[in-house]
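# Structural features, examined
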Amino acid sequence: MSRVAWIVAVVLTSSAVSAGSAAAEWSHAELGEGHVCRYCLGHAVGGGFGVELEGTGKRYAPIRHVDIQHIKLDITPNFEQRTVGGNTTIHFSPLREPVRQIKLDAVDLTITDVSGTVEVADFESTKTDLTILFARPIQPDEVAVVTIEHHCQPQGGFYFRTAEMGYPEEDTHCWTQGESHFARQWFPCFDYPNERSTTEVICHVPEDMTVLSNGRLLDESVDAATGLKSVHWKQEKPHVNYLICVVAGYFDKLEKKHRDISLGFYSQPTLAEHAPNAFRDTDLIMDFFEREIGMKYPWNKYDQVTIRDFIAGGMENTTLTTLTHRTIFAAETENIRSARGLDAHELAHQWFGDYVTCEDWSHLWLNEGFATYYTHLYEGEKFGRDAMLYGLYKDATNRILTQANDNRPIVWNEYKNAGDQFDYRAYPKGSWVLHMLRSELGDDLYRRCVQAYLERYALQSVATADLKRTFERVSGRTLDQFFDQWVFHGRFPDVKISYRWMPETKLAKITVVQTHKTDDKVGLFAFPAKFRFHLADQVIDHEVKIDAAKHEIYVPLPAKPTVVRFDPEYTFLAAINFDVPDEMLLAQVKLESDMIGRILAVKQLGKRKTPAAIKALGEVLNGDPFFGVRIAASEALHSAGTDESREVLAKSMKQTDARVRLQVVKDHLASYRPDQVEEKLEIVRKETNPAIQAEGIKALAKYDDPAIHEFLIESLARDSFGQIVSEAAIEAIAATKDANFAQTLMLFVEIEGSDLEARGLGQALVTVGTLLGQGEEKQGGREFLSQYLTDPRTQVQRSAIEALGRLRDPQAMALVESYTAEGTEPSVKRAAEAAVKAISDQTPATTQEVVELRKSVNQLKSQAEQQKKDLQDLKKQLEAVGKQE
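Residues numbered from 1 in each chain as written. Predicted model: local features only at pLDDT ≥ 70, side-chain atom pairs only at ≥ 80, totals over all residues. Heavy atoms only, no water.

## Focus: the overall build of the chain
- Each helix and strand counted, the chain has 27 helices and 30 strands in total.
- Burial status across the chain gives 56% buried among its 885 residues.
- About 36900 Å² of surface is accessible on the chain, with carbon and sulfur atoms providing 49% of the total. (Helix = DSSP H or I, 4+ residues; strand = E, 2+ residues; numbered from the N terminus. Buried < 20%, exposed > 50% of the residue type's maximum accessible area, 1.4 Å probe, protein only. Areas by Shrake-Rupley, 256 points an atom, 1.4 Å probe, with all protein chains shown as cover.)

## Quick word on the sheet that holds strand S13 (residues 210-213)
- Ordered by their spatial adjacency, 4 strands build an open sheet running S10-S11-S16-S13, and the pairing between neighbours is antiparallel. Two strands lie at the open edges of the sheet, namely strand S10 (158-161) and S13, each paired on one side alone. The average undirected angle you get between the axes of adjacent strands in this sheet is 10 degrees.
- Of the pairings in the sheet, the one linking S10 to strand S11 (residues 173-176) comprises 4 bridges and is antiparallel in character. Considered in S11, the bridge of arginine 161 is made with histidine 173. (Pairing = 2+ DSSP bridges. Axes fitted to C-alpha atoms, helices over the stretch in contact; angles between N-to-C directions.)

## Focus on the pairing of strand S24 (residues 494-502)
- Bridge count for S24 against strand S30 (residues 575-578) is 4 bridges, and the pairing is parallel. Note that in S30 the partner of aspartate 494 across the bridge is alanine 575.
- As paired strands, S24 and strand S25 (residues 507-514) are joined by 8 bridges and run antiparallel to one another. Looking across to S25, one finds that valine 495 is bridged to glutamine 514.
- The antiparallel pairing of S24 with S25 creates a hairpin that spans 4 residues between the two strands, and lysine 506 there sits at a positive phi of about 55 degrees.

## Examining the packing of aromatic side chains
- As enumerated under the stated definition, the model contains 41 aromatic pairs in all.
- For the ring pair phenylalanine 289 and tyrosine 374, a centre distance of 6.2 Å and an interplane angle of 75 degrees mean the geometry is edge-to-face. Highlighted residues: phenylalanine 289 in helix H3 (residues 282-293) and tyrosine 374 in helix H5 (residues 365-383), separated in sequence by 85 residues. Assigned by exposure class, phenylalanine 289 and tyrosine 374 land together as buried.
- Ring centres of tryptophan 299 and tyrosine 355 lie 6.2 Å apart, and the angle between their planes is 90 degrees; on these two criteria the pair is classed as edge-to-face. Here tryptophan 299 is found in the loop between H3 and strand S19 (301-307), whereas its partner tyrosine 355 is found in the loop between helix H4 (340-348) and strand S22 (356-358), with 56 residues between them in sequence.
- Directly above the aromatic system of phenylalanine 627 lies the positively charged group of arginine 659, at a separation of 3.5 Å from the ring centroid.
- Residue placement shows arginine 793 over the ring face of tyrosine 167; its charged tip is 5.9 Å from the ring centre. (Phe/Tyr/Trp six-rings, centres within 6.5 Å; stacked < 30°, edge-to-face > 60°. Lys NZ or Arg CZ within 6 Å of the ring centre and 35° of its normal.)

## Some points on the packing of H5 against helix H8 (residues 443-456)
- Relative orientation of the contacting elements H5 and H8 amounts to 140 degrees, with a least axis distance of 15 Å. When the axis of H5 is compared with that of H8, the two are oblique. The crossing of H5 and H8 is left-handed. Listed contacts from H8 to Leu366, Phe370, Tyr373 and Tyr374 of H5 are Tyr446, Val450 and Tyr453.
- A breakdown of the residues in the contact of H5 with H8 according to their chemical character gives 7 nonpolar, no polar and no charged. (Parallel < 35°, antiparallel > 145°, perpendicular 65-115°, else oblique. Left-handed = near helix turned anticlockwise from the far one by under 90°. Contact = heavy atoms within 4.5 Å. Nonpolar A, V, L, I, M, F, W, Y, C, P; charged D, E, K, R; others polar.)

Interpretation in functional terms is not warranted from these geometric data alone.
Structure, rendered in C-alpha cells:
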C-alpha cells in the first residue's frame, strides 16, 4: 500500500480516535549532537570482567602471566546462517616463570582443534574460557605459537545485518564490537586492556563485498574453488584487544586525504546520498588535533564506517571507527543535526584511548574525558571560544550538576560491570577536569604536558597516576590536592555567593560559602576564585584562593560596580548560587565579551517575570550574537509563563538560526492554550525542517482535539530521512495515553512495519503495549506483540518484551518468562525479567494469594540457587583435600 493510500485509509478511521491528555511515560535513546560514544545512547556496553578482590567489592586488572605479542585471525562469516568460524593464532611468551598452560577468554565458542609450536597435551573449553595444556613448560625467553580452530553463532561481539533480519539487501554487512569485553564472544583471547599486541586479520567474503580492518591492507585475492575473496589486513603497532575490528559488506565509499593519511568514509548504499553531510569535517579535525596535541596522527590511515543499528554512538577502533547509521543526516535539517561532535570525539580517541589506553576500567576517563574535551576544543577552533565554553556549559548543567546525589569518584573500582564506568564521570566530568587543569596551567604549558604524556606512554596502558606524574614533572607543580578532590573523591562543590556594596568605605563585600555536605567521600574543595567588577569605564579583577567552608572578601573599588561576575572565564565546575539585583542582571545581559555571563543573567531574568525582564529577554532572543544565549532567552521566556512572555515568543518565530527556531517553536507550543489549537497546528504544518516539525508534533500531543489527532495519524506516514517525523508521531501518540490510537498504530505497523527502522518499530510496539495496558481487553494486543518476539533484531525483540510487560496481561507471563532462561541474549533477558516483574506487580487481576505464591516460588528459587552454590563450594573443598592427600 502506498503512503498516500495509507493516509486516506487511516484518516477515515480518525473519528474513532478520541480524547487523551497528559504525557506518557515514554522515552527513547537519541544520538546527541557531539560528545557521543558508548554511553551516550543511554546504555553501556561490555561486561563486568576483571579481578575482584574477595571481600572488598573492588575490581582490578587481572595478572598477566604471558605477554601476547601477536594475534592473527583467519575468519569466514556466513551471512545466511549468521555464524563465524576460522582460526586464531596467538604468539606469546611467558613473563616471569615457565608456563605449562594458558587460559584464554572464550564465551560460547565451539573449539574444534588446538595446535602449537610446543606440543599441546590437552585443552578444555567451557562456556566462558579455554584452557590449553602444553606437553612441556614454556620458558620466559621462548616465543610460542598456538593456533585454535573455532566457530560460533555469536550472541555479541560479532553482528550481522541482512535482508532476513529486516534490512535492505543492498546494505548487507557484518561488523565487530570489542569494548569492553565482547571480543571473547567470537574469538579466544586475553580480553582486558592491560595487554597489547600487534594484530592481523584475514577475512573471506563474497567477491563483491568490501572488508575493512585495522592497519594496513596487505592483499586481496579470490579463491577460484570457493569464489570467496580473501582480504588481508595487518596492524603493525600494538594495541589492546578490544580495539580489534572487522567490518565486511556492501558499502559506498568517499575519500579524502590529510597530508599522506588516507581518509575513507564508508556508508550503506541506501544512505550514501547524504553521507557527505556527516564526514565533511574529518580532515579539518585531524589537522587541528595534530597542532593542538603536538603529535602527528599516530597511525597509517583512518577509515570511518556506518553500521545499521549500531549498539552505540561510535567506537574508536585503531584506524577504523564504526558509527551508528544515524550519524548520517539530511541537509534539510539545517544546522540542527551535525556529526561534527561524534567525528571529533572518535578521532580524538586515536590518540587518547588507542595510542595510550587506560589499563583498567576504573581509569576510563583517560580515554573518554580526553575525547570529550578535545571535541569541545575543536568547536572552539571552528567557531570561536564561546562555542567551546557553551559545550562545557551544557555538559555541566545538563549532565554533571544534575548528579548531586552521586558521590562516586571518577576513579572508582567498585563497579560490578564495566559498563557502570561509561557514564558522566568518565565523559563530561573527565573533560571538565582537563579544562580546569588547562585553565590553571595555561594553554601552552598544558599542551606540553599532554605531549609529554603521549610520548612517555606511547603504545602503553596507563593509570591516572601516570598522567598526574607527567603533568607534575613537566609543570613543576604538585597536583596531589587537585587530583584528590576532583578525581579520587566524588561530586562537585555547591557554592553560595552573596554580594553587598558598602558605600561609606567603597568596599565590595563578597561572601563565599561551600554548602554541600562533606564526608569521607566528598570534602571541602580548594580552588582559585576570580571576581570581575564592571564599572562605568573599567574592569577590575580580584583573585583569591578558596579553601574553607566560608570566606568573606572585601575588595576596594573606586565606585559601585554595575556588574559583579564570579568565574568570568568559566574555568570552575560547581553548582553556583549567586543571586544579584535586577539592575545588575539587566546590565550583565548586555556584556558583549561574556557569553556565559549573559546566559546566567538570562536564566535569572526568567525567574523575575517583571516587565523590564521580559522586555530584556525579548531583545536578547532577537538580537544576541550567540545562538546559545538566544536559546536560553527562549527557555527563560517560557519558564516565566506570563501572557507577556508568551506574546514575545509568538512574535519571535522567524529565527535565521534553525537551532534557535527549534527552541522557540518548542517553547511557544509548550504552553497549553486550547483557544489557539488551529494556530499552533498551522505552525507545525507549515514548518519545512523535519527536525523542527518532529518537535512540534510531540508538543501537540497535549491537545484533546480531533484536528490534532488526525494530524498525528497523518504524520505517522510522512516520509522523512531517518523517519524522524514518524517516530515523533509515535511518541506523541504515546503521550496522549489514548487507547483509541492503539488499533490505528497496530494497523500502521502491519502496513508500514517493513519500512520502519528498528528504533521506530520498537517505539510503536511499546506504545501499543502502553496504551492497551490501561484497558481490560488484552488478547488482541498480546497476539499482535507476540509476533515480534522472534524478530531477528535484538532491539525489536527487547521492545516487544517491554511492550508485553506494559500490557500487564497475565496470559503473557509464560511467554515472557521463556526469555529469562540462561543463554538468552543478555539485554533481551534483562528486558524479560523487567517485564515479568511488571506483569507480576502491576496486573490488577492478580490476587493477593497469587502474589504471595509467586513470592514463595521466588524465595524457593533463591534457596535452590544458594544450595547449588553451597554444593559447588563443598565440591571444591573435597577436591582440594583430595589433592592434598
